[in-house]
Amino acid sequence: MIEILDDDQLARARGAGALVGGILQSLKQRAAVGVNLLDLDRWTKQMIEDAGAVSCYVDYAPSFGRGPFGHYVCTAVNDAVLHGMPHDYALADGDLLTLDLAVTLRGISADAAISFVVGESAASDDLAMIDATERALTAAIAVARPGARIGDLSHAIGAVLGDAGYPVNLEFGGHGIGSTMHQDPHVANDGRPGRGYRLRPGLLLALEPWVMADTDRLITDADGWTLRSATGCRTAHTEHTIAITETGGEILTLPR
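Read on for a plain summary of the structure. (Residues numbered from 1 in each chain as written. Predicted model: local features only at pLDDT ≥ 70, side-chain atom pairs only at ≥ 80, totals over all residues. Heavy atoms only, no water.)

### What to know about the overall build of the chain
Helices and strands together make up the secondary structure of the chain, namely four helices and 14 strands. The C-alpha atoms of the chain give a radius of gyration of 17 Å, which matches the 18 Å a tight globule of 256 residues would have. Seen through its principal axes, the chain has C-alpha atoms that stretch 45 × 40 × 35 Å. Here the chain holds 256 residues, and 55% of them are scored as buried. Pairs at least 24 apart in sequence give 69% of the contacts found in the chain among residues at least 6 apart. For the chain, the accessible surface area stands at approximately 10400 Å², while carbon and sulfur atoms represent 50% of it. Of note, the chain has its 19 positive side-chain charges centred 6 Å away from the centre of its 33 negative side-chain charges. (Helix = DSSP H or I, 4+ residues; strand = E, 2+ residues; numbered from the N terminus. Rg over C-alpha atoms; globule rule 2.2 N^0.38 Å. Buried < 20%, exposed > 50% of the residue type's maximum accessible area, 1.4 Å probe, protein only. Contact = heavy atoms within 4.5 Å. Areas by Shrake-Rupley, 256 points an atom, 1.4 Å probe, with all protein chains shown as cover. Lys, Arg positive; Asp, Glu negative; His and termini not counted. Charge placed at Lys NZ, Arg CZ, Asp CG, Glu CD.)

Here it is, written out as structure tokens:
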């Protein structure tokens, strides 16, 4: 299903996006050395409920997961990159943490992710990898306008990640979003320009470049959800929900 939102729905999408962006920034500020991932999840639950929103994750049970996810935020640490299930782990200095969050507010969903290094011991390779995903996202947003095609966005992402030297996995990528979290069209993190669905005003997309330092292969953790690099290397993931408008791509998941 591909949804095209009307003006009222777009206004609600902006509210959902601002909420997601704000919660992620609050969690980043709290994610200090010694903080437990389960505390981050508990704080997320409280902020979602205080805003009158609904988690997209708690009851989420797709074919690639093991039963309902059961938590409010994805917490991927170091070699974990996607769908990181919160568990009893205290953050250490130098951990590379990705927080991925999706909520529904007033019937419209928004989805975003940030990666950052906890504490004071940030390795240059980690910072470079995070920067590559951020630059790839910026490149995709720059070409997201009416008349462009999904392949244009995928190519923009893949060009940045490839030039930075990272292998690109095509199993998981960006997606349409609207009244539900995951919709068509799929937005792979590499592709051929001029191919795929043509963008229209009112379309919402969650774009999410992610990489693993030296592999494109994933393994699934024993929890049935957390996806890790097959080699144990570090990972990074950046995501925004954008709206296609007459003038280009509007980022919705920036904190106000």
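### So, the sheet that holds strand β3 (residues 80-82)
Spatially, β3-β11-β10 is the arrangement adopted by the three strands of the open sheet, whose pairing is antiparallel. Two strands lie at the open edges of the sheet, namely β3 and β10 (218-220), each paired on one side alone. Each neighbouring strand pair of the sheet contributes to a mean axis angle of 45 degrees, computed without reference to strand direction. Direction of pairing for β10 relative to strand β11 (residues 227-229): antiparallel, over a ladder of three bridges. Pairing of L218 across the sheet is with S229, part of β11. (Pairing = 2+ DSSP bridges. Axes fitted to C-alpha atoms, helices over the stretch in contact; angles between N-to-C directions.)

### Looking at the pairing of strand β14 (residues 248-251)
By the bridge criterion, four bridges tie strand β13 (residues 240-245) to β14 in an arrangement that is antiparallel. Within the sheet, the bridge partner assigned to I242 lies in β14 and is I251.

### A word on the packing of aromatic side chains
The geometry of an aromatic ring pair comes down to the distance between the two centres and the angle between the two planes. Counted according to the given criterion, the structure contains six aromatic pairs. Both rings, one in Y60 and one in W225, keep their centres 6.2 Å apart while their planes meet at 40 degrees; by these two values the pair is tilted. In this pair, Y60 is assigned in the loop between β1 (54-55) and β2 (74-77) and W225 in the loop between β10 and β11, connecting sequence segments 165 residues apart. When its relative accessible area of 3% is taken as the criterion, W225 is described as buried. Look at F64 and W225: their rings are 6.0 Å apart centre to centre, the planes differ by 80 degrees, and that puts the pair in the edge-to-face class. Highlighted residues: F64 in the loop between β1 and β2 and W225 in the loop between β10 and β11, separated in sequence by 161 residues. Exposure remark for F64: the relative accessible area of 35% places this residue in the partly exposed category. Aromatic ring contacts, followed pair by pair, group Y57, Y60, F64, F69, F172 and W225 into a single cluster. Sitting above the plane of the W43 ring, R30 keeps its charged end 4.9 Å from the centroid. (Phe/Tyr/Trp six-rings, centres within 6.5 Å; stacked < 30°, edge-to-face > 60°. Lys NZ or Arg CZ within 6 Å of the ring centre and 35° of its normal.)

### Quick word on the layout of surface pockets
A volume near 330 Å³ is recorded for the largest pocket. Lining the largest pocket are 23 residues; nearest its centre among them are F64, H83, H175, H182 and E208. Among the elements of the structure, β6 (174-176) and β7 (183-187) are those that each provide at least two residues to the lining of the largest pocket. The leading source of residues in the lining of the largest pocket is β7, at three residues. As for the second largest pocket, its lining consists of 17 residues, of which L137, T238, E239, H240 and L254 are closest to the centre. Breaking the lining of the second largest pocket down by element, the ones donating at least two residues are α1 (7-30), β5 (108-117) and α3 (124-142). By residue number, the principal contributor to the lining of the second largest pocket is α3, which donates four residues. (1 Å grid on protein atoms, 1.4 Å probe; cavity = no way out; pocket = protein on both sides within 12 Å on 5 of 7 lines; lining within 4 Å. Points joined across faces, edges and corners; volume = space filled by probe spheres on them.)

### Brief notes about α3
For α3, which comprises 19 residues, the first-to-last C-alpha distance of 27 Å matches the rise-based estimate of 27 Å (1.5 Å per residue) to within 8%. Among all positions of α3, only D126, M129, I130, A132, T133, A136, L137, A140 and I141 are buried. (Expected span 1.5 Å × (residues − 1).)

### Let's talk about the sheet that holds β7
Spatially, β7-β6-β8-β13-β14 is the arrangement adopted by the five strands of the open sheet, whose pairing is antiparallel. Taken across any chain shown, the strands that pair with only one partner, and hence form the sheet edges, are β7 and β14. The average undirected angle you get between the axes of adjacent strands in this sheet is 30 degrees. Bridge analysis of β6 against strand β8 (residues 204-207) gives two bridges, and the strand direction is antiparallel.

Everything listed is a geometric property; what it means functionally is a separate question.
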